[in-house]
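Structural description and commentary
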Amino acid sequence: MLTQQASLLLSLVMLTATVLTYAGLYLARQGIFPTTFDWTNVVNHSLPLALAAVGQGIVVLTRGLDLSIGGMVDLTNGLAATRLTGDPRLDGLWILLILLVGAAGGLVNGLLVARARLQPILVTIATLAIYQGLALWVLPTPGGQVPGGLTTVLANPDAPTGLVWVAAVAAAWFAFRRTRVGAGIVALGNDPEAAHASGLPVLRLTVIAYVASGFFAAAAGLFLAATTTAGDAVAGNVFVLTSIAAVVLGGISFFGGRGSLLGAVAGAFTLTLVVNVLFFAGIDPLYQSFYQGLFLIAAVLLGNAAGRLARRAR
Amino acid sequence: MTEVRPVVEVPTPPRPSRRGDRSGAKVLIAFGVAAAIIVVGQLRNPGFGSWDGIRAILVIASFTGFVVAGQTLVVLVGGIDLSVPWTLNAAAILLTTTAAGHQSRVLYAVVAALGAGLAIGLVNGIGTAYLGVPAVVMTLGVNGVMEGLTLGLSQGMTCRSCSAYAPDAVRTAVNGQVLGVPGDLLLWLGVIALTTVALSRSTFGRRVYAVGNNPWAAYLAGIGVRRLTVVLYMLSGLFAALAGIALVGYSGQPTLGMGDPFLFQSIAAIVIGGVSVLGGRGNPLGPVAGCVTLVALLSLLRAESMPEWGRNVLYGALILAILLLYGRERRPD
């Protein structure tokens, strides 16, 4: 529990440091602090990754990995850009359907991992290709149109409503962690054999984790469509690796059962903000992935060092 | 009064895992699937199964094959190398920009490209083996680092020497034919022979399987687990760089993002070949068959003018089908 809090704390400290660096560089360049518009922009651009990272985080908590998230974001982003019309009632139904598509994709992953006992990384490499294919079927060329109403609700550029969604995810995690299923998923990740021996429905919990991952990937696809106001059947591919990076920055252990989804959200915000920091630091955007990669490795090394210190202090 | 003694069952010693996991059967299955795809292709499009058709498939498969040779080594000890795409890309660009059209610099350029691969692998290995960074995270980070360096140093492929073609010597070595067999395939054959013999007939190979089966036991048996891991990541970097050199020799010029398809393709080929991603199990010839199977399938689907979305779906479905066919993996214990 102590190390769990410590890693969450570390990810929040990293986020704070990145926010302060961003504000400082902005001040140095523009002579003022970032405006509400800038912060809203940051939140809106971080939200798709934050949601994808929450999904990835749940799966990583069970010692799994979900590479198909990228394909599911592609697919749901394509569906949003081609099926939504602007009619609120019909669109509400479609949004529900899109989220269900995500959950169904997750169900397939979950059953293959839990029932057929296949390796998560292999199952989700295969379903990644399948979901990417379906996305290209739905939207062969970039385009489509996203009704303005969706953007207003999910990623309003004029008011910081995006924070409401962040708060909703945080609240959902706090509630979920205290449910039987939430506690079970963490216990399962901590020690699958002990979880099984103490009568936890390991199979069902694993499936639930993958269903949640698919659901959140679909939500990420919807938010991405709302932010970019158009569809692109390959726009989600970056999420395969960035969702893993966000989870790592969020301090969720790859050995399962340790970490908070709040950390994954913080990691997603940090990763997005780093891009802004590099921009205001006047660094050639071509070097962006270089610094993101370094940052990722440094964060893990820092986390390892902090963990060692925490253990020594006890 | 007779003493009742509990019957103690003497456990039969476990057979060496490499033979006990049907890995030989999996190699046959993988080659069988590849052959079946080629037969179907020949029936539907005469010429698909001719020597020219098969040679074209094998040449494309060889690029994945080079990557797979290194990836298999890392996977056998339970690791993974996600830095393959930009190691390959960086090596390809390094080759053409270093040579910059001067034929006299060929050797220097090839050494630079291979050296870059080794150096990247060294970083990966130190991070995973000595600094305790999970392999997925370390190699993912290094892939980002290499992507940024490649894009930045080449100024997005707009630098002066960036438009250079691969040196003639490399292009001849890759495309030139000996008795109808392209040099690239001979090189692949050499790599296959080398890795197969090293893994199945040398102490090096026995150490790799021992570490993959149980790193702790291997350590207690006196194997330098960390040093071996570093060497394997270096070899993975080396083979990814070799793939970059071969690919740029084949196509003439490097492009940004040319390595991206090879990450998941190399892992898929390893899976089809029946090598366990948990480490310690699998025949090194399996992934070779996996490469041929994947490329044959993609070529067949293209010959059938299947749209890209359908190719993706069937590609994923094939991997799932083979996974289900092989059955569930048990953690080696």
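Residues numbered from 1 in each chain as written. Chains lettered and ligands numbered in written order. Predicted model: local features only at pLDDT ≥ 70, side-chain atom pairs only at ≥ 80, totals over all residues. Heavy atoms only, no water.

All names here are of chain B. Taken as a whole and judged by the stated rule, the model has 1 disulfide over all chains. At a sulfur-sulfur separation of 1.9 Å, the disulfide partner of Cys159 is Cys162. Between Cys159 and Cys162 the sulfur-sulfur dihedral comes to about 90 degrees; the bridge is accordingly right-handed. Residue class for Cys159 comes out partly exposed when judged on its relative accessible area of 23%. (Disulfide = S-S within 2.5 Å. Buried < 20%, exposed > 50% of the residue type's maximum accessible area, 1.4 Å probe, protein only.)

A separate point is the packing of aromatic side chains. Scanning all chains against the criterion turns up 13 aromatic pairs over all chains. Between the aromatic rings of Tyr22(A) and Trp39(A), the centroid separation amounts to 5.2 Å while the plane-to-plane angle is 80 degrees, which identifies the pairing as edge-to-face. Here Tyr22(A) is found in helix H1 (residues 2–30), whereas its partner Trp39(A) is found in helix H2 (residues 36–61), with 17 residues between them in sequence. Residue Tyr22(A) is classed as buried on the basis of its relative accessible area, which comes to 2%. Here Trp39(A) falls in the partly exposed class, since its relative accessible area comes to 29%. Both rings, one in Phe63(B) and one in Tyr250(B), keep their centres 5.2 Å apart while their planes meet at 55 degrees; by these two values the pair is tilted. Here Phe63(B), found in helix H3 (residues 51–76), pairs with Tyr250(B), found in helix H11 (residues 225–251); they are 187 residues apart in sequence, far enough to count as distant. For Phe63(B), a relative accessible area of 3% puts it in the buried group. Tyr250(B) gets classed as partly exposed once you look at its relative accessible area, which sits at 40%. Grouped by ring-pair contacts, the aromatic residues Tyr22(A), Tyr26(A), Trp39(A), Phe279(A) and Phe280(A) constitute a single cluster. One residue, Lys26(B), lies across the ring of Tyr326(B), its end atom 5.1 Å from the ring centre. (Phe/Tyr/Trp six-rings, centres within 6.5 Å; stacked < 30°, edge-to-face > 60°. Helix = DSSP H or I, 4+ residues; strand = E, 2+ residues; numbered from the N terminus. Lys NZ or Arg CZ within 6 Å of the ring centre and 35° of its normal.)

Let's shift gears to the interface of chain B and chain A. With 40 residues of chain B in contact, the opposing surface of chain A contributes 38 residues. In this assembly, chain B packs against chain A so that about 3400 Å² is buried in total across both faces, 83% of it on carbon and sulfur atoms. On the surface where chain B and chain A come into contact, there are 0 salt bridges. Mapped onto the side of chain B that touches chain A, the elements with two or more residues apiece are helix H6 (135–153), helix H12 (261–272) and helix H14 (308–326) of chain B. Looking at the side of chain B that touches chain A, the element that brings in the most residues is H6(B), giving 14 residues. The class makeup of the residues in the side of chain B that touches chain A is 26 nonpolar, 10 polar and 4 charged. (Contact = heavy atoms within 4.5 Å. Buried area = accessible area lost by both parts, 1.4 Å probe. Salt bridge = Lys/Arg side-chain N within 4 Å of Asp/Glu carboxyl O. Nonpolar A, V, L, I, M, F, W, Y, C, P; charged D, E, K, R; others polar.)

On to the nonpolar core, then. The nonpolar side chains of a soluble globular protein tend to be buried with one another. One finds Ile244(A) and Trp188(B) to be the most contacted residues of the largest nonpolar core, which totals 192 residues. Here this core takes 15 residues from helix H10 (residues 202–228) of chain A, the largest share from any one element. Once residues within four sequence positions are removed from consideration, Ile244(A) is found in contact with Gln56(A), Leu65(A), Leu67(A), Phe254(A), Val136(B) and Leu140(B). (Core = buried A, V, L, I, M, F, W, Y, C linked by side-chain atoms within 4.5 Å.)

Let us now look at the environment of Leu249(A). Residues and elements named next belong to chain A. Checked against the element boundaries, Leu249 lands in helix H11 (residues 239–249). With relative accessibility at 2%, the residue Leu249 sits in the buried group. Setting aside residues up to four positions removed in sequence, Leu249 forms contacts with Ser11, Met14, Gly267, Leu271, Phe295, Leu296 and Ala299.

Residue and element names in this part refer to chain B. Between its first and last C-alpha atoms helix H5 (residues 106–130) spans 35 Å; for 25 residues at 1.5 Å apiece the expected length is 36 Å, and the two agree. Three or more residues of H5 are buried, namely Val106, Ala109, Ala113, Gly117, Ile120, Gly121, Asn124, Gly125, Gly127, Thr128 and Ala129. Against the buried residues of H5 lie helix H4 (84–99), H6, helix H7 (168–175) and H11. Gly132 sits one or two positions beyond H5 and adopts a positive phi of about 70 degrees. (Expected span 1.5 Å × (residues − 1).)

Residues and elements named next belong to chain B. Counted by the stated rule, this structure contains 2 salt bridges over all chains. Put simply, Arg44 and Glu304 hold a salt bridge, and the shortest N to O gap is 2.7 Å. Linking Arg44 in helix H2 (residues 23–44) with Glu304 in the loop between helix H13 (285–303) and H14, this pair joins segments that are 260 residues apart in sequence. Between Asp52 and Arg55 there is a salt bridge, with its nearest N and O atoms 2.7 Å apart. Of the two residues, Asp52 and Arg55 both sit in helix H3, 3 residues apart, roughly one turn of that helix.

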